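Inside the fold
Residue-level listing of the chains:
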Amino acid sequence: MILVVYACLHFCNRGRTSKSIFNVVQNALIKTVWSSIVTLTDVNAMMWKEAKAMALRHESVRVCAETRIAAFVRKEIQESKYKEMKSAALIIQKQMRQVFARRFVASLLKKMKEDEMFQLRIKCATSLQTSWRRFFWRNRFLNHQKRKIECERQINTKKREHLRQKRRLSLASLLYRDVIRIDTTIATVSIHLYEDVQTTMLLKVYVPSTRETFSFRLNENEVRECLERALCSEGRLSWDEMLKRDALNELTKRLMIRNVRGRPIFLFSRRNIVERGLLIKTAVLQSCGEIFLLSMFRSPYDIVFCTYQPSTRLQLRTKISIPKLSSWLNQSYAENRTTWSSSENADASFIPEQALRLLKQENQPNLIEWLVKRVVIRTNPKHGKFELLFQYEAEEERVIKLVTKIQSQWRRIKSRRAAKSQTYTHWEKIYVREERMFAYRNTITDERQWEKPKLLGEDDLPEPVDEWRTEQIVDPTTGQVHVYHVNYGTGQSSWLTEKEAAVLVQRRYRSKHESDLIGKKKLDLVDVVNALKFIQGARDKYDKDPNKLANIVNYALLCHCIDLDFEKARPIYKEAMKVSPNHPLIARAYGIYLLASCQLPRATSFQTACRLFNEADLADPTQSKFHSATEIYFRWSVLADSKNPLALLNFALVHQCIYKKYDHSERLYRAALAADPTNEYVTENYRLFTEERYPGGSYVSLGPPFSVYRRSTIVEERPVWAEWVKMKDPMCPKKGFEIYFFNRFTKTTRFNEPDWKLVWDARVERSSCVSGKTTHWQEYYDPRTKTTFFYDGYSKQYTCVRPE
């Protein structure tokens, strides 16, 4: 019964009974079932048993989940602790390995530093490895680049050959090419002939505005049928007749154009040449002295004009589409709108109110009359044949010609500008030193000319830059390439590079410097051989007879000047002085030895040397007996080793004490100091030399040495002194001699004031008289100081102030 009631409720609910009534009945049914069934003992026991089983299952699932969660948490904790301990162990191992490695490397480096030979080998090995790797990888890269370039060259060659072959075939098969215009679309038409399995003709139409190409392939029968109908041939045409340009031109007349979504589509009509539409007008036209029969056909799409010339049976054809005709009418109305009211010769058939109604069928006579007046038959200037076109087409051709002419003028100007810029790139201005004028050189062909390139016009190339460049020249006889260097700014050229030229200049400078130090006389091979023989003979003679005076003196000079062994030379000099104390050669050589070796006490040694020099001057005032020793020993030691400070010191003492050439001695002293500035023998003798050059010293001169000028300052300078200035030495070793005069051009110094009369006389001698022939004042120009001065003929005085 309960089930019946429940089914009735569902049925009522499906019968769209009120939902609230259904809910009330459903609740009452649930209460009835619970009070009547659950209170039964068996049912109640079964329900409690099932409830306990469900509770046990739920509890077991919860306990299992807790156990799994606890196990997962313990696993995560243990895993994190293990990872931390592992990372810490790895870090400790890494640090320990680094410590051990540092200690090991430090010990190896310490051993390597101690072993110089090992370091040298390492440097050599590193240098060799670097050079080898550089050579290997550079060679490999160059080979790769070479192979790559060769591969690209072969690919490009194949592509070019393929394109060349394709173009050659295309040009060989080309029969006809021309530019046509259908409506307002300009296209290029080309006809090719192919003879493969069967003879076919390919007609291609290229549209520049859309960059599309339309191709139409015609077999022999189709070509023959079209041409025979077009040419009105009575018999079968031959291939020679069909391949003529006039015959192929008839094929282009079968091309039609359709505009699809604003894009021109070309079609080839394979039908017979029969005009579409109705014949609306026939008329007789006279143009160019000929009579033509005009026929007009109108269709819903276009209007076709055909003419026939009875004398030559020439047929001409053109057409205009209806949209193009409508735009032409509107354009003509817009152009003539402002002239209708004032124009007396206006076209009576074309008034503004009827302009838009001419296309209607009832206004067809007016349209025909308007079109006939605007049909043009003229001779084509290209091939001299008649052609049929409309007035707007003739106007467009005229505009195109004007535009083409403007474009050609612009291209000519642009090409001239490009050629001019290319001339600036390919040509350069060079200076010809022999002719003392500029020339022009082509940087690509090395062509040279005196005239300026014509493309430059009134402009000119920039002046050449003063820089050296490397150029190549090919020997026409041997074909060998020679490299030379040229400066187009100065017109100089050389076979030497800048480095080689610098080395040559340095070599010449060193040679000049050495010649200034040791004399301009050069030794040849004979002199070298004789000197070596004499030196070796002096050794041998002393070994054989050490008691002979000549052997003792030569051996002492040998130890002193050649061997530079002062300790060994001392007893030999003393033995020579005992044998002959008054000999001028021995006295001078021993005095130079005392000064060069800085024998203690130095004051006593200096006095002894000066006494020996004075005694030798009394005995040999011309130094003739000492000249041979100077050349063989003192000068030869400098020639053998010009960088040895002791050899330069001995030679400086010879010029200082024997020949009294103090300036030359100073140059030798500076060269010795440059070679070894810490040599005590050189520094001590140079100090003594500079102190004794002042008044009251043994080597007194007119002024202090030139080296003092570098540390001095200008105290006073006057225009009347010319090149002389008064200077002060702040480090002068003797008081009272700080002020001196210095000549800026001759580099000479004087303690006393120069003789100004001699200075003015020399200045007048080297100057030129500018003016003063008519007055007592004479003006002179001094080219050395680049100043002017004046001379009073009455008072015999000179002045640098211009007289009033």
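Structure shown above.
A brief look at the structure comes next. (Residues numbered from 1 in each chain as written. Predicted model: local features only at pLDDT ≥ 70, side-chain atom pairs only at ≥ 80, totals over all residues. Heavy atoms only, no water.)

Notes on the overall build of the chain
A count of helices and strands for the chain gives 21 helices and 26 strands. A compact globule built from 804 residues would reach a C-alpha radius of gyration of about 28 Å, whereas the chain, at 60 Å, exceeds it by more than 25%. For the chain, the spread of C-alpha atoms along the principal axes amounts to about 155 × 135 × 75 Å. Counting every position in the chain, which comprises 804 residues, the buried fraction comes to 31%. Carbon and sulfur atoms provide 56% of the accessible area of the chain, an area that totals close to 54,200 Å². In the chain, the 134 positive side-chain charges and the 93 negative ones have mean positions that sit 8 Å from each other. (Helix = DSSP H or I, 4+ residues; strand = E, 2+ residues; numbered from the N terminus. Rg over C-alpha atoms; globule rule 2.2 N^0.38 Å. Buried < 20%, exposed > 50% of the residue type's maximum accessible area, 1.4 Å probe, protein only. Areas by Shrake-Rupley, 256 points an atom, 1.4 Å probe, with all protein chains shown as cover. Lys, Arg positive; Asp, Glu negative; His and termini not counted. Charge placed at Lys NZ, Arg CZ, Asp CG, Glu CD.)

A word on unusual backbone geometry
Residue P601 is bonded to the preceding L600 through a cis peptide linkage, with omega at -10 degrees. In this structure, P601 sits in the loop between α15 (584-597) and α16 (602-619). Phi at K796 is positive, roughly 55 degrees, even though this residue is not glycine. Here K796 shows up in the loop between β25 (787-792) and β26 (797-799). Since its relative accessible area comes to 55%, K796 is described here as exposed.

Considering the pairing of strand β12 (residues 386-390)
Of all five residues making up β12, four are buried, and the element is well covered by its neighbours. Relative to β12, strand β11 (residues 375-379) is paired through five bridges, and the arrangement is antiparallel. Residue pairing across strands places V375 opposite F390, the latter belonging to β12. The hairpin formed by β11 and β12 contains six residues between the paired strands, and G384 there has a positive phi angle of roughly 75 degrees. (Pairing = 2+ DSSP bridges.)

Brief notes about the environment of A418
In this fold, A418 is placed in helix α10 (residues 391-426). Spatially, the C-alpha atoms of A418 and L455 are 10.0 Å apart, while their sequence positions differ by 37 residues.

Things to note about the sheet that holds β26
The pairing of strands in a sheet comes from backbone hydrogen bonds and takes either a parallel or an antiparallel form. In spatial order, the strands read β23-β24-β25-β26; together these four strands make up an open sheet with antiparallel pairing. Each edge of the open sheet is held by one strand with a lone partner, namely β23 (768-771) and β26. Neighbour to neighbour, the strand axes of the sheet diverge by 35 degrees on average, direction disregarded. On top of the sheet, helix α21 (residues 756-766) reaches β23, β24 (777-782), β25 and β26; it is set at about 115 degrees to β25, its chief contact. (Axes fitted to C-alpha atoms, helices over the stretch in contact; angles between N-to-C directions. Contact = heavy atoms within 4.5 Å.)

Notes on the packing of helix α17 (residues 624-640) against helix α18 (residues 645-658)
Their axes nearest at 8 Å, the elements α17 and α18 cross at an angle of 150 degrees. In terms of their interaxial angle, α17 and α18 are classed as roughly antiparallel. For the element pair α17 and α18, the recorded crossing hand is left-handed. Residue-level inspection shows F626, T630, F634, R635, S637 and V638 of α17 in contact with α18, the latter providing A647, L648, N650, F651, V654 and I658. (Parallel < 35°, antiparallel > 145°, perpendicular 65-115°, else oblique. Left-handed = near helix turned anticlockwise from the far one by under 90°.)

Overview of a nonpolar patch on the surface
On the surface, a cluster of nonpolar side chains totalling about 370 Å² of accessible area is made up of I69, F72, V73 and I77. Looking at V73, the relative accessible area reads 41%, which means it is partly exposed. (Patch = residues over 30% accessible without salt bridge, like charges linked within 9 Å, V, L, I, M, F, W, Y side chains within 5 Å. Salt bridge = Lys/Arg side-chain N within 4 Å of Asp/Glu carboxyl O.)

Brief notes about a positive patch on the surface
A cluster of like positive charges, contributed by R507, R508, R510 and K643, occupies part of the molecular surface. Tracing the sequence through the fold places K643 in the loop between α17 and α18. For K643, a relative accessible area of 61% gives the class exposed.

Some words on α17
Between its first and last C-alpha atoms α17 spans 24 Å; for 17 residues at 1.5 Å apiece the expected length is 24 Å, and the two agree. Along its length, α17 shows its largest kink, about 45 degrees, at T630. Residues F626, A629, T630, Y633, F634, R635, W636, S637 and V638 constitute the buried set of α17. (Expected span 1.5 Å × (residues − 1). Bend = angle between axes of the 7 residues up to and from the residue.)

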